[in-house]
Amino acid sequence: MGIDAQAELQRLLLKEDVGEFLAFEADLLDARRYEDWLALLTDDIRYWMPMARNTASDDTGREFTIEDEDVNWIDEGIETIRQRVAQLATGLHWAEQPPSRTSHMISNLRVLESSDGLDEVKTRCRFLVYRNRLEDEQNIFVGKRNDTLRRVNGSWKIARREIYLDQNVMLSKNLSVFF
Amino acid sequence: MTDRFEIDRMVDTDRGVISRELFVNRDVFDAELERVFTRAWLLVGHEGLIPDPDDYFVSRMGKDSVILTRNQQNEIMVFLNSCPHRGMKVCRYDQGNEAVFTCPYHGWSFSTNRDRVEVPGQLVGVPHFEAGYSGNLDRVKWGLPRCPNVINYKGSIWASWDPDAPAFEDYLGDMKLYLDTALDHRDGAPGGSELLGGVQKWRIRCNWKTVSENFAGDLYHGISHQSANLAEIGMATGKSRRDALPLRHAIGFEGLGHGGLGFPPSYEERPFIPDQYGDPEIDAYYKQVRTARERRLGDRMRVGLVVGTIFPNMSFHADQPRSLAFAHPISETEVEMWRIYLVDADAPKAVKDMLRHYYMRYSGPGGMTESDDMENWTSVTAASEGAIARRHGFNYQLGMGKEQPVEGLRGAVDSGNYSEGNARIYYRRWAQFMKEMSWDDMAPPQTKSTVEVAHGD
Ligand code: FES
Ligand SMILES: [Fe+2]
């Protein structure tokens, strides 16, 4: 096999590997296995969902709220994510009691960058998170996700997640699901 | 006047029963838009949203879209965001900077600059002015309708469409002291707070009053937040959802409709817990502002608050978290919540960051406390639409008869810790507006303040 073919094969394998990991992660969330999901996050994870403003097309520098500076929908690290999981585990978190039904769908996956040893990759994808709860309450969260995945002891972990939700006014009453 | 509503039957606070029609009825909702939202003082924004001349922020008053802006002369103004020609939204971005507002539909343009126009909001540009209107269009009459009353109160901007509305400070009464607890610097200096960037906006399928009432004084619903307590989301590590506090009192302002959960006047600070945030810079800051506060207020009167509502639809948290909220009416069963958040302007970045993170995990749709409130409110609404459900008024009898005047505050009553006294006051005020009473007839009996209050220096 030529060099080019080998590089191409490696690229495809990496993409397959990453896609498999993200599908596995989605399965954990949809199965409400939050403790197992937590184990997929690095201790230094940044988990950020900005708010989107309506701006003029020549003023898009202000379109999104700024990480680590503004109020965002979500802008946190592992400690707070752990608190969220702990809250779900109490059985008293009315927003998720009874629990919502969710389906996390990932598409348009691209591996944008990978480090030399292939132990860190930057990926981009679209997400569609469908939530249905109680009788007739439903939310459709659609947007773009930029993830940084890091290989730790041979397994992928999520080191960074940017969630760009395609909404200005949040049309869901809360964000008691993970993205 | 005769009215299609029997307001006194719907709001029977003598028996402590309030009709569910207030929360699910379309006609009631439509009447509120006219009778409450065109008269009352409403929060429209914060000066931090429009720091420079020609900055604007699109806000709401009732269901009306409005433009909050600052002109070249630094006057803060509010205009209807609907073109007088055919109704197009003149500002279609959430915020920005415009010297002239130009309507995208047919191109009428409006200016706020007193160097250009006599009346701010006046028409300055009309395509085909000569050819089409023979130069005879009244540029003032067809300017952007301007809200007659706008006030900047310690950075928070309020407006009322009613030219006869009382002065904002009279509308607030001594509830002002409680509002100050959110707007003032932690060291007790008046104002001194700054807005964090970003306005959270989200929809909830419940009536707007359900939100306002909750924040006016419902200590009773603490059980809803057990999971946030257990998850220990507070600022001090290993604590429930906020620093430990004595039981709050429901303090309401009869005849004004405002109320909150807080503390009656006192003449000294509550005990201070040093070094509880686990970061030397942050702990040093809280110690420093505490010392400054003690020096500034001395043995003068001060009040404390956790959460409160200014009638009709503005609610605020004073400290943990510290935010101003708008409950914009969308329909009888839907509200659009907005939240903005405050920090001390001169606090170190570490303090601002800690607070910002705390605010986001506490409040808003991503907030671990607020998310559970909203589940209650939507279920309350959904379960109140049925014909049989509507026959059963809600029970507001908690703490009835326990109201005591509050020494030092005009017109205030303290109805105990677990009480719906503030909700009763709130709905009595709502009833006055819905009966279209004159401002004179609704004016509360003003009992004079007995003590001089501390405002800092
Ligand atoms: S609607 Fe604004 S110019 Fe016609
Ligand atoms: Fe609550």
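Scroll up for the structure.
Residues numbered from 1 in each chain as written. Chains lettered and ligands numbered in written order. Predicted model: local features only at pLDDT ≥ 70, side-chain atom pairs only at ≥ 80, totals over all residues. Heavy atoms only, no water.

A. Inspection of the overall build of chain B at higher detail. A tally of helices and strands in chain B yields 14 helices and 23 strands. For a compact globule of 457 residues, the expected C-alpha radius of gyration is about 23 Å, and chain B comes in at 23 Å, within 12% of that figure. Seen along its three principal axes, the alpha-carbon backbone of chain B occupies a region of about 75 × 55 × 45 Å. Taking all contacts inside chain B whose residues are at least 6 apart in sequence as the whole, residues at least 24 apart take part in 66%. Accessible surface computed for chain B: about 17,900 Å², of which carbon and sulfur atoms make up 48%. In chain B, 52 positive and 65 negative side-chain charges are present, and the distance between their average locations comes to 2 Å. (Helix = DSSP H or I, 4+ residues; strand = E, 2+ residues; numbered from the N terminus. Rg over C-alpha atoms; globule rule 2.2 N^0.38 Å. Contact = heavy atoms within 4.5 Å. Areas by Shrake-Rupley, 256 points an atom, 1.4 Å probe, with all protein chains shown as cover. Lys, Arg positive; Asp, Glu negative; His and termini not counted. Charge placed at Lys NZ, Arg CZ, Asp CG, Glu CD.)

B. View of the sheet that holds strand β10 (residues 123–125) of chain B. Residues and elements named next belong to chain B. With antiparallel pairing, three strands are arranged side by side in an open sheet as β8-β9-β10. The two strands at the open ends of the sheet, each matched to only one other strand, are β8 (100–102) and β10. Neighbour-to-neighbour, the strand axes of the sheet open up by a mean angle of 40 degrees, direction not taken into account. Bridge count between strand β9 (residues 109–111) and β10: two bridges; the pairing is antiparallel. (Pairing = 2+ DSSP bridges. Axes fitted to C-alpha atoms, helices over the stretch in contact; angles between N-to-C directions.)

C. Summary view of the sheet that holds strand β2 (residues 74–76) of chain A. All names here are of chain A. Read from one edge to the other, the open sheet built from six strands follows the order β2-β1-β6-β5-β4-β3, with strand pairing classed as mixed. If you trace the sheet from one side to the other, it starts and ends with β2 and β3 (101–114), each paired once. Strand after strand, the sheet turns through a mean of 25 degrees between neighbouring axes, direction not considered. Looking at chain direction, strand β4 (residues 120–133) and strand β5 (residues 137–152) are connected through 14 bridges and run antiparallel. Within β5, the residue paired with Tyr130 across the bridge is Ile140. Helix-sheet contacts for helix α1 (residues 3–30) involve β3, β4, β5 and β6 (155–165), and the interaxial angle to β3 is about 155 degrees.

D. Seen up close, the coordination of the iron ion (ligand 2). Residues and elements named next belong to chain B. Coordination of the iron ion (ligand 2) by the protein comes from His221 (NE2), His225 (NE2), Asp373 (OD) and Asp373 (OD), over a distance range of 2.1 to 2.6 Å. Considering all four donor atoms around the iron ion (ligand 2), the spread of angles at the metal, 55 to 145 degrees, places the coordination shape in the irregular class. Of note, the donors binding the iron ion (ligand 2) are all from one chain and are spaced H-x3-H-x147-D. In this pair, His225 is assigned in the loop between α7 (208–217) and α8 (226–230) and Asp373 in helix α11 (residues 370–382), connecting sequence segments 148 residues apart. Asp373 carries the same exposure label as His225, and that label is buried. (Donors = N, O, S within 2.8 Å, 3.2 Å for Na, K, Ca; no water. Tetrahedral: all angles 85-135°; square planar, octahedral: opposite > 155°, others 65-115°. Buried < 20%, exposed > 50% of the residue type's maximum accessible area, 1.4 Å probe, protein only.)

E. Spotlight on unusual backbone geometry. Residue B:Pro312 is reached from B:Phe311 by a cis peptide bond, and omega for that bond is 0 degrees. Note that B:Pro312 resides in the loop between β17 (302–310) and β18 (314–318). Here B:Gln320 and B:Pro321 are connected by a cis peptide whose omega angle stands at -5 degrees. Along the chain, the position of B:Pro321 falls in the loop between β18 and β19 (322–331). Located in the positive-phi region is A:Arg32, a residue other than glycine, with phi close to 60 degrees. Checked against the element boundaries, A:Arg32 lands in the loop between α1 and α2 (34–38). With relative accessibility at 38%, the residue A:Arg32 sits in the partly exposed group.

F. How the structure looks around the pairing of β4(A). Residues and elements named next belong to chain A. Taken together, the eleven bridges between β3 and β4 define a ladder with antiparallel strand orientation. Residue pairing for β4: Arg101 is matched across the bridge by Asn132. What sits between the antiparallel neighbours β3 and β4 is a turn of five residues, in which Leu118 has the positive phi angle 55 degrees. Count of turn residues in the β4/β5 antiparallel hairpin: three residues, of which Leu134 carries a positive phi of about 50 degrees.

G. Region of interest: the interface of chain B and chain A. Contact residues are listed per partner, giving 43 residues for chain B and 39 residues for chain A. Counting each side, the surface lost to burial between chain B and chain A is near 3,300 Å², with a carbon and sulfur contribution of 54%. When the buried area of chain B at its contact with chain A is split by residue, B:Arg356, B:Met360 and B:Glu375 rank highest and sum to 17% of it. Run the count over chain B and chain A and you get four salt bridges. For the pair chain B and chain A, the number of links is 21 residue pairs in polar contact (both at pLDDT 80 or more). Elements with a contribution of two residues or more to the side of chain B that touches chain A: β7 (95–97), β14 (200–204), α8, β20 (334–344), α10 (349–362) and α11 of chain B. (Buried area = accessible area lost by both parts, 1.4 Å probe. Salt bridge = Lys/Arg side-chain N within 4 Å of Asp/Glu carboxyl O. Polar contact = N/O pair within 3.5 Å; in protein donor to acceptor, adjacent residues only side chain to side chain.)

H. Examining the pattern of salt bridges more closely. Counting across every chain of the model gives 51 salt bridges over all chains. One salt bridge in this structure joins B:Arg322 and B:Asp344, with 3.0 Å as the shortest N-O distance. Separated by 22 residues along the polypeptide, B:Arg322 in strand β19 and B:Asp344 in strand β20 bring together distant segments of the chain. Here B:Arg322 matches B:Asp344 in class, with each residue buried. Through salt bridges that share partners, A:Arg46, A:Glu67, A:Asp68, A:Asp75, A:Arg160, A:Glu162, B:Lys349, B:Asp353 and B:Arg356 make up one connected network.

I. Quick peek at the packing of aromatic side chains. Residue and element names in this part refer to chain B. Taken as a whole, this structure holds 29 aromatic pairs over all chains when the rule is applied. Between Phe23 and Phe394, the ring centres sit 5.4 Å apart and the planes meet at 50 degrees, which makes this aromatic pair tilted. Taken together, the residues Phe23 in helix α2 (residues 21–24) and Phe394 in strand β21 (residues 394–395) connect sequence positions 371 residues apart. Overall, the relative accessible area of 4% leaves Phe23 in the buried class. (Phe/Tyr/Trp six-rings, centres within 6.5 Å; stacked < 30°, edge-to-face > 60°.)

J. Summary view of the nonpolar core. A:Phe179, B:Tyr286, B:Tyr427 and B:Trp430 are the most contacted members of the largest nonpolar core, which has 151 residues in total. The residue makeup of this core includes at least three contributed by each of domain 1 (42–133) and domain 2 (173–434) of chain B. Once you skip the residues sitting within four places of it in the chain, A:Phe179 turns out to touch A:Tyr47, A:Met49, A:His104, A:Phe127, A:Val129, A:Phe141, A:Arg145, A:Arg161 and A:Ile163. Among the nonpolar cores identified, the runner-up in size contains 17 residues, and B:Cys83, B:Cys91, B:Phe129 and B:Leu144 belong to it. (Core = buried A, V, L, I, M, F, W, Y, C linked by side-chain atoms within 4.5 Å. Domains from an automatic or database assignment.)

K. Focus on the side chain of A:His93. Within the secondary structure layout, A:His93 lies in the loop between α3 (78–89) and β3. For A:His93, a relative accessible area of 5% gives the class buried. Reaching out from A:His93, the side chain makes a polar contact with the side chain of A:Gln87 at a distance of 3.4 Å. For A:His93, the residues in contact, after removing those within four places along its chain, are A:Gln87, A:Leu88, A:Ser176, B:Ser227, B:Met368, B:Ser371 and B:Asp372.

L. Focus on a nonpolar patch on the surface. Judged by side-chain polarity, A:Met105, A:Leu128, A:Ile140 and A:Val142 come together as a nonpolar surface patch covering roughly 310 Å² of accessible area. Judged by relative accessible area, which is 33%, A:Val142 ranks as partly exposed. (Patch = residues over 30% accessible without salt bridge, like charges linked within 9 Å, V, L, I, M, F, W, Y side chains within 5 Å.)

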